[in-house]
Amino acid sequence: MKRIDLVYQFLGTIAPEIRKEFRNRKLKREAIIPTSQPENGFIDPVMLVTSEKAVHDLLQQIPVHGGDDNLTEFSESLRTVAKALTRAAEGKASAQAEAVDWKRKYKLERARNLQLEQKEKFSRCHNGDLYRERAESIGNGYAANGKLERCCGKHGICSHEVLSDGQADSPVQNKTMKKASFKLSWCCNGDQSDRHNHDIVSFEKGNIITASRSSKQISLKWESPPQTVLILTKPNSVSVQVLCARMVRWLKEQKNLKIYVEPRVKRELLVESCFFKFVETWKDDHEISNLHSKVDLVVTLGGDGTVLWAASMFKGPVPPIVPFSLGSLGFMTPFLEHYREDLDSVLKGPISITLRHRLQCQVIRDSAKNENEAEEPILALNEVTIDRGISSYLTNLECYCDNSFVTRVQGDGMILSTTSGSTAYSLAAGGSMVHPQVPGILFTPICPHSLSFRPLILPEHVTIRVQVPLNSRSPGWASFDGKDRRQLAAGDALVFSMAPWPVPTACLVDSTSDFLKSIHDGLHWNLRRTQSFDGPHDL
Ligand SMILES: NC(=O)c1ccc[n+]([C@@H]2O[C@H](COP(=O)([O-])OP(=O)(O)OC[C@H]3O[C@@H](n4cnc5c(N)ncnc54)[C@H](O)[C@@H]3O)[C@@H](O)[C@H]2O)c1
Ligand SMILES: Nc1ncnc2c1ncn2[C@@H]1O[C@H](COP(=O)(O)OP(=O)(O)OP(=O)(O)O)[C@@H](O)[C@H]1O
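Thresholds applied
- Residues numbered from 1 in each chain as written.
- Chains lettered and ligands numbered in written order.
- Predicted model: local features only at pLDDT ≥ 70, side-chain atom pairs only at ≥ 80, totals over all residues.
- Heavy atoms only, no water.
- Helix = DSSP H or I, 4+ residues; strand = E, 2+ residues; numbered from the N terminus.
- Buried < 20%, exposed > 50% of the residue type's maximum accessible area, 1.4 Å probe, protein only.
- Contact = heavy atoms within 4.5 Å.
- Areas by Shrake-Rupley, 256 points an atom, 1.4 Å probe, with all protein chains shown as cover.
- Axes fitted to C-alpha atoms, helices over the stretch in contact; angles between N-to-C directions.
- Parallel < 35°, antiparallel > 145°, perpendicular 65-115°, else oblique.
- Nonpolar A, V, L, I, M, F, W, Y, C, P; charged D, E, K, R; others polar.
- Near = heavy atom within 4 Å.
- Polar contact = N/O pair within 3.5 Å; in protein donor to acceptor, adjacent residues only side chain to side chain.
- Left-handed = near helix turned anticlockwise from the far one by under 90°.
- Core = buried A, V, L, I, M, F, W, Y, C linked by side-chain atoms within 4.5 Å.
- Expected span 1.5 Å × (residues − 1).

Engineer: I would appreciate a short explanation of the overall build of the chain in the present structure.
Structural biologist: Per the secondary structure count, the chain includes 14 helices and 22 strands. Relative to its 539 residues, the chain shows a buried fraction of 44%. Partitioning the intrachain contacts of the chain with sequence separation of at least 6 by distance along the chain shows that 67% fall at a separation of at least 24. On the chain, roughly 30200 Å² of surface is accessible, and the fraction owed to carbon and sulfur atoms is 53%.

Right, dumping it as structure tokens:
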């Protein structure tokens, strides 16, 4: 092809794009883009950005050199404009992601400051009286020697400290105060010294020492008895339905607990017997969003999918979950058939829990005019997957970690997984299995078309951005714990960080035993007959 043809090809490719885009934007954004042609004769840069494919193609071409000087100069100018446009588009996406991240950080910081302020006010005004009052109301067994242990903040944290935050006489607070109070403590292997606080490092004589391990076994001790249980069940399963009815009856008759179930389950229970009239449910999504303030404990009857379902119902804080296994695998469901004994010991406490981190993900649309158009963040307990959907083209995804370029994913897609999700889709795609209490984000490609693309694990504090580049041949598709599929057009991005609300799941034994049991029983991990002593050896 002649060199001049390259330039004409670029102009030819870009012209219909510009016309089409101009028509669309004229219809959509009359107020922003002037309807008349710009007077200076230059092309509106907003329109040019959308012709990124032509821009990309031009940048891929060999520059025009020699021959006609004017043509060379013209070609160089076009290349300079094309580069500037690409940079502008990248800058815009990065700025949007950063703005969203800063907004999130600002909100968190503000909430933390408010909490500290309230705590200070609380301890100044009440000087322990309220604790004593509460200890009396809590009753015997929970307050040793008539005194309630003040939480020192060194060995654990008390939920009532958190619950007492907020407006002193707001109705919302009154409601939250009805919830059972509990204390979380971090095992300190018998060492009672003050060094066991929540800071990972501290200083002694100017030297950095590890003050506390980040992922010790956490123990939950009720400070007032749990009163309300939410039972969530896998649909369309007779065995689950039968167990649910038995459990509800037992919890009512033996423990006198208030019980919530989904509207579908309440209908099923009422078909069985009018005994279940006392069971509570909800009517709409608004009531679901308030559940965390009413429920002390969640019981799930199903497989891992039911635990994911339970987590997805709580867009903020999640009450402790007791997961019963009525599925085929059950990596997150250590409780089996002895529901009476298991629930009895959970309701008495203390229990070991695993705090399962969740990913918080924000979809940033290239077409969004401003930050206010940002979509609601989505939480994922297992993973977020970005794949090629039904497209037969390779995905083309640019990945950044705290604004540093990580890599470009060209293949079937990629998975950003929590450590809880490491035994799910990420494992199937070649990712490592990671103990759920390890704080980290797994970065696992799906069928990458490259020999050297090995999975990565990043620290949990980073912000990750995955961008569908403007020159991508096809859109990407995101899904969250295998659900809620969303299309990502060229220019759209996903921004990930670790959510501040983990999912506390009760352990049968402890985090580590339960995790190892699940990979042994569920996957038959490294199952091999032991070699006999019989045969050649060195000794
Ligand atoms: N190729 C794959 O392995 C593949 C493909 C798609 C989805 N998934 C997984 O399915 C999950 C959705 O689960 P679902 O029950 O709603 O769908 P589902 O009913 O299709 O079940 C998927 C399977 O994944 C298992 N699973 C779920 N979470 C797990 C975890 N944390 N550790 C180990 N195994 C786990 C379940 O026990 C189940 O056997 C997704 O989050 C994804 O991880 C896996
Ligand atoms: N309460 C619920 N309402 C609606 N859907 C649910 C509910 N609980 C679970 N599901 C969905 O039902 C599907 C199957 O659930 P789950 O994984 O618990 O059972 P399973 O497939 O029998 O178990 P396993 O995955 O171990 O074989 C999942 O996709 C999950 O999202």
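Engineer: Would you explain the packing of helix 8 (residues 238-255) against helix 9 (residues 263-272) in this entry?
Structural biologist: Relative orientation of the contacting elements helix 8 and helix 9 amounts to 80°, with a least axis distance of 11 Å. With respect to each other, helix 8 and helix 9 are oriented roughly perpendicular. Residues Gln-241, Cys-244, Ala-245 and Val-248 of helix 8 pack against Val-265, Glu-268, Leu-269 and Glu-272 of helix 9. A breakdown of the residues in the contact of helix 8 with helix 9 according to their chemical character gives five nonpolar, one polar and two charged.

Engineer: Could you clarify how one ought to interpret the environment of Pro-459 in this entry?
Structural biologist: Note that Pro-459 resides in strand 17 (residues 456-459). Placed 19 residues apart in sequence, Pro-459 and Gly-440 show a C-alpha to C-alpha distance of 4.6 Å. Residue contacts for Pro-459: discarding those within four places in its chain leaves Gly-440 and Ile-441.

Engineer: Whenever I open this one, the site of ligand 1 confuses me. Can you help?
Structural biologist: As a matter of local geometry, ligand 1 sits amid 16 residues, with Asp-304, Phe-331, Asn-382, Glu-383 and Thr-423 nearest to it. Here Thr-423 contributes a side-chain N or O atom positioned 2.7 Å from a nitrogen atom of ligand 1. Burial of ligand 1 by the protein amounts to 64% of the accessible area it has alone, namely 780 Å². In terms of residues, the shell around ligand 1 owes the most to one element, helix 11 (residues 304-312), which gives three residues.

Engineer: Explain the site of ligand 2 to me, please; I cannot follow it from the model alone.
Structural biologist: Close to ligand 2 lie 14 residues; Thr-233, Lys-234, Gly-303, Thr-306 and Ser-328 are nearest. Within the contact set of ligand 2, a nitrogen atom lies 2.9 Å away from a backbone nitrogen or oxygen of Thr-233. At 2.9 Å from a nitrogen atom of ligand 2 is found a side-chain nitrogen or oxygen belonging to Glu-262. When the free accessible area of ligand 2 is taken as 620 Å², the share hidden by the protein chains comes to 70%. Per-element tally for the shell around ligand 2: the top contributor is helix 11, with three residues. Its residues placed into classes, the shell around ligand 2 shows three nonpolar, seven polar and four charged.

Engineer: Can you help me understand the environment of Pro-436 in this one?
Structural biologist: Tracing the sequence through the fold places Pro-436 in the loop between helix 13 (425-428) and strand 16 (440-448). With relative accessibility at 5%, the residue Pro-436 sits in the buried group. Considered as a pair, Pro-436 and Thr-423 are 13 residues apart in the sequence and their alpha carbons are 9.4 Å apart. When neighbours within four sequence positions are excluded, Pro-436 is seen to be in contact with Thr-354, Leu-355, Arg-356, Thr-419, Ser-420 and Phe-515.

Engineer: Teacher, can you tell me more about the packing of helix 8 against helix 12 (residues 339-348) here?
Structural biologist: When two helices pack together, their arrangement is captured by the angle between the axes and the distance separating the axes. At a minimum axis distance of 11 Å, the contact between helix 8 and helix 12 shows a crossing angle of 45°. With respect to each other, helix 8 and helix 12 are oriented oblique. Along this stretch, helix 8 crosses helix 12, giving a crossing that reads as right-handed. Of helix 12, the residues touching helix 8 (which contributes Leu-243, Arg-246, Met-247, Trp-250, Leu-251 and Lys-255) are Tyr-339, Arg-340, Leu-343, Asp-344 and Leu-347. Taken together, the residues of the contact of helix 8 with helix 12 break down into seven nonpolar, no polar and four charged.

Engineer: Before we go on, may I ask you to explain the side chain of Ser-417 in this structure?
Structural biologist: Structurally, Ser-417 can be placed in strand 15 (residues 404-417). Once you skip the residues sitting within four places of it in the chain, Ser-417 turns out to touch Leu-359, Asn-382, Glu-383, Ser-422, Ser-426, Gly-440, Ile-441 and Leu-442.

Engineer: So what exactly am I meant to see when it comes to the nonpolar core here?
Structural biologist: Proteins that are soluble and globular tend to have nonpolar side chains buried together. Counting 38 residues, the largest nonpolar core has Ile-231 and Leu-251 as the members making the most contacts within it. Among the elements that line this core, the one with the most residues is helix 8, at eight residues. Residue contacts for Ile-231: discarding those within four places in its chain leaves Cys-244, Met-247, Val-248, Leu-251, Ile-259, Tyr-260, Val-261, Glu-262, Val-299 and Leu-301. Core analysis: the next-biggest nonpolar cluster, separate from the first, contains 27 residues, Cys-399, Val-462, Ile-464 and Val-468 among them.

Engineer: Quick question: what am I supposed to make of the side chain of Thr-419 here?
Structural biologist: Relative to the helices and strands, Thr-419 resides in the loop between strand 15 and helix 13. At 2.9 Å, the side chain of Thr-419 forms a polar contact with the backbone oxygen of Val-438. If sequence neighbours within four positions are ignored, Thr-419 has contacts with Val-434, His-435, Pro-436, Val-438, Gly-440 and Leu-442.

Engineer: Quick question: what am I supposed to make of helix 14 (residues 511-523) here?
Structural biologist: Three or four residues apart is the spacing at which side chains of an α-helix point the same way, because the helix has 3.6 residues per turn. With 13 residues, helix 14 extends 17 Å from end C-alpha to end C-alpha; this agrees with the ideal 18 Å at 1.5 Å per step. Its buried side turned inward, helix 14 meets strand 10 (351-356). At the N-terminal end of helix 14, a side-chain oxygen is found 3.1 Å from the backbone nitrogen of Thr-512, two or three residues along, and the residue is Asp-510. Of the residues flanking the end of helix 14, it is His-524, one or two places downstream, whose phi is positive at about 55°.

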